[in-house]
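# Architecture and fold: a report
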Protein chains: 2
Amino acid sequence: MGSDKSMAGSAAGAPFAGARIGRVAAPIREQVLDVIRQGILDFQLRPGQRLIERELIEQLGVSRPTIREVLSRLVAEGLVTIQPQHGAIVAVLSPVEAEDIYEMRVPLEVLVMQRFVKRATDEEVAQLRGALARIEEITEAGSETQSRLRAKDDFYQIVFEGARSPVLAQTLQTMQGRIRLLRATSLATAGRPEASLEEIRQLVAAIERRDLDAVAAAATAHVRNAAASALSQLAENGAEAARS
Amino acid sequence: MGSDKSMAGSAAGAPFAGARIGRVAAPIREQVLDVIRQGILDFQLRPGQRLIERELIEQLGVSRPTIREVLSRLVAEGLVTIQPQHGAIVAVLSPVEAEDIYEMRVPLEVLVMQRFVKRATDEEVAQLRGALARIEEITEAGSETQSRLRAKDDFYQIVFEGARSPVLAQTLQTMQGRIRLLRATSLATAGRPEASLEEIRQLVAAIERRDLDAVAAAATAHVRNAAASALSQLAENGAEAARS
DNA sequence: CGCTCATATATTGTCTGACAATGAGCCGGC
DNA sequence: GCCGGCTCATTGTCAGACAATATATGAGCG
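Residues numbered from 1 in each chain as written. Chains lettered and ligands numbered in written order. Predicted model: local features only at pLDDT ≥ 70, side-chain atom pairs only at ≥ 80, totals over all residues. Heavy atoms only, no water.

## Thoughts on helix α4 (residues 95-119) of chain B
All names here are of chain B. The line we're drawing: Secondary structure elements are defined from DSSP: runs of H or I of at least 4 residues count as helices, runs of E of at least 2 residues count as strands, and each element is numbered from the N terminus. A helix is expected to span 1.5 Å for every residue after the first. Here the bend at a residue means the angle between the axes of two seven-residue stretches, the one that ends at it and the one that starts at it. When a residue's accessible area, from a 1.4 Å probe over protein chains only, is under 20% of the maximum for its type it is buried; when over 50% it is exposed; and in between it is partly exposed.
Taking 1.5 Å of rise per residue, the 25 residues of α4 would be expected to cover 36 Å, and the 35 Å separating its terminal C-alpha atoms lies within 8% of that figure. Maximum bend of α4: about 30°, positioned at Val-106, with proline Pro-107 one to four residues after it. In terms of residue burial, α4 counts as a mostly covered element, since 18 of its 25 residues are buried.

## Comments concerning the nonpolar core
Soluble globular proteins tend to bury their nonpolar side chains together. Our working rule: Nonpolar cores were defined as sets of buried Ala, Val, Leu, Ile, Met, Phe, Trp, Tyr and Cys residues, with membership established by side-chain atoms within 4.5 Å.
Counting 97 residues, the largest nonpolar core has Met-113 and Phe-155 of chain A together with Met-113 and Phe-155 of chain B as the members making the most contacts within it. Counting residues in each nonpolar core, the second largest holds 21 residues, with Leu-33, Val-70, Val-80 and Leu-181 of chain B among its members.

## What to know about the protein's contact with DNA strand D
Rules: Note on definitions. A residue lies near a molecule or strand when any single heavy atom of the residue is within 4 Å of it. In protein, a polar contact requires one atom able to donate a hydrogen and another able to accept it; more generally it is a pair of N or O atoms within 3.5 Å, and residues adjacent in sequence count only if both atoms are side-chain atoms. Three residue categories are used. Nonpolar comprises Ala, Val, Leu, Ile, Met, Phe, Trp, Tyr, Cys and Pro, charged comprises Asp, Glu, Lys and Arg, and polar comprises the others, including Gly.
Not every one of the 18 residues close to DNA strand D is listed here, only the nearest: Ile-28 and Thr-66 of chain A together with Arg-54, Arg-64 and Arg-68 of chain B. The contact atoms of DNA strand D, taken as those within 4 Å of the protein, divide so that sugar and phosphate hold 69%. A distance of 3.2 Å is found between a phosphate oxygen of DNA strand D and a side-chain nitrogen or oxygen belonging to Arg-29 of chain A. Secondary-structure elements contributing two or more residues to the surface near DNA strand D are α1 (28-41) and α3 (64-77) of chain A together with α2 (53-60) and α3 (64-77) of chain B. Considered class by class, the residues forming the surface near DNA strand D number five nonpolar, seven polar and six charged.

## Describing the protein's contact with DNA strand C
The full set close to DNA strand C counts 21 residues, and Arg-64 and Arg-68 of chain A together with Ile-28, Ser-63 and Thr-66 of chain B are the nearest of them. A share of 72% is what sugar and phosphate atoms reach among the atoms of DNA strand C within 4 Å of the protein. Backbone polar atom of Ile-28 of chain B to a phosphate oxygen of DNA strand C: 2.6 Å apart, as the coordinates give it. When residues of the surface near DNA strand C are assigned to their parent elements, the largest contribution, three residues, is made by α3 of chain B. When its residues are assigned to classes, the surface near DNA strand C shows seven nonpolar, six polar and eight charged.

## Digging into the environment of Arg-180 of chain A
Residues and elements named next belong to chain A. How we decide: The contact definition used throughout considers only heavy atoms, calling two residues in contact when any of these lie within 4.5 Å.
Mapped onto the fold, Arg-180 is located in helix α7 (residues 166-185). When residues no more than four places from it in sequence are discounted, the contact partners of Arg-180 are Leu-41, Asp-42, Phe-43, Leu-149 and Asp-153. Engagement of the side chain of Arg-180 in a polar contact is seen with the side chain of Asp-153, the distance being 2.7 Å.

And the structure:
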C-alpha cells in the first residue's frame, strides 16, 4: 500500500537532498523495471515462477500497461519468458543456452578487459585493485554468496566504465544477468570462491602489467572455469530433476 | 485471409508498403513489431526519424498500448532510441558504437561459423552453397543493394539454423540489425560487393573443407573488412555532416 | 472407482478514453 | 531585436472493459 502517486508536495524531510522519486527523476517504468530485474537477479523471484500481471500491479501499485511494458523489456533481456496465452515466467535457462552464453562470454570478456587496459586511467586501474581487495575480503570472511556477487558486480562495473565500450558493456551485462539466472536455478553454485578469486587476482595483475596476452589468457580461463563449474552443477541438477 | 472487420481508413500514404495488421494467428504486437523493424531495416524509416505514436496508430490501425510495447522492444534491440518526454526516433549509431559492434561481431561470427562446421548436416552445407550461388548471381547482375542484403540475410539464416545456437544467433542478428542501421545512415555503403563476395566464397570453401582455422580466418577477414569499409564511409559522412 | 466431457474460472490480449506534465514553437511586448 | 509567456503537440500513466483461450473443477457415465 502507501506509495501514493502525488506525494511530491510536502516532502517533509529533504527539500532537495534526496533523489526525487516518481516524477521527474526516473520514469515509473524504469523503477518498476529495476525492481523486478533486481528481484530476479537476487533470487527472490525464482526461475520458472509465474509473474502474474494482476499480482504485480497490486504489489507495485502501477498500472497494467506499465507492467506489460516492463515485462516486454525483460523478455528482450532474456530474464523473462512469455508463454502465449498463459503468462510470463521467470526465464529458465536450458543447458544448451547456458553453454552458448558462456562460450560467447569468453571472447567478449577478453575484449572488454583488453579495452580496459588500453583505455582506463591509472585511477580506474587503482579502483579496480580496490574492488579486488573487497572481493578478497569477502571471500576470506566466507560471507554469503549474495555479497560476493555484489562485490563482483562492482568489479565489473569498474571494468565496463574504464573500457569505454557501452555496447559491449551492455551486452556482457545482460549475459551475466542470464547466467545469474542459471545460478539461481542450480541453487547456489557456491563452487569455488577461492579458485575464482585467484583467477581474478591473476587478471588484475595482468591488467596492471598492461600485458594484453596475459589479460586474454586470464579472462579466458576465468570464464571457462566458471562455465565448467556451473554447467557440471547444472547437469547434476538436471539429472536429479529428470529423476523425480 | 485477414482483413475481416475493422479495415478502417485507407491510409494511403503509409510508409510501409501497404502492410496492414489483421487479427489472425500471430499476436498483433508481433506483427506490428515485424512491420516496424522491417521498415527500419529496409531504410523506409531512416535513422533519426521521429516515430510518433499517434501516427503509427493511424497507419497500422492498432492501439497505443500495443505501439508502446513494440517501441519498447525495439529500444531493447537497439533499433529505436527514446528521448524522454520527447518521443521515439529511429536509432542513430555513433561511430564509437559502430566500432564496438563490429569488434564484437568478429569473435562471435567466428564462433557461429565454427559451430556451423561442427553441427550442420551435409544438406545444410549444400543449402549454404546454394545461398552463396544466389549472392553471386545478384552481385554479378549488379542488382541493387536491397536484394543483395536480402540474399545475405538468407545466407546467415542458414548459418544460424545449422549452428544450433539460438542465443548466439539472436545476438548476432540484433547486431547485424544495428549495423544495417549504420548502413542506412551512411546511405548505401555500396562499397565493393565483389570483394565481399570473394570473402564469402572463401568462407564457404573453408566450411566445406571443415577447416576450423580457415573458417575463423575467413570470418574474421570478412567482418574486419566490412567494418573498415563502413567506418571509413561513416567518417566521411560525419565530416560532411559536421561541416554543414 | 476411474475416465471423459462440459462448465467455470483465471489470465492474457487488446481496445477505448482520459488526464497531467513536459517540451517546442509562436506571438506579442519591451 | 530579444525575452517571456502562452498554446499546442506529445508523451507518461492510469482506469475500465471485453473477447479469447488455457487450466482447473466437478458431474455423469462405463
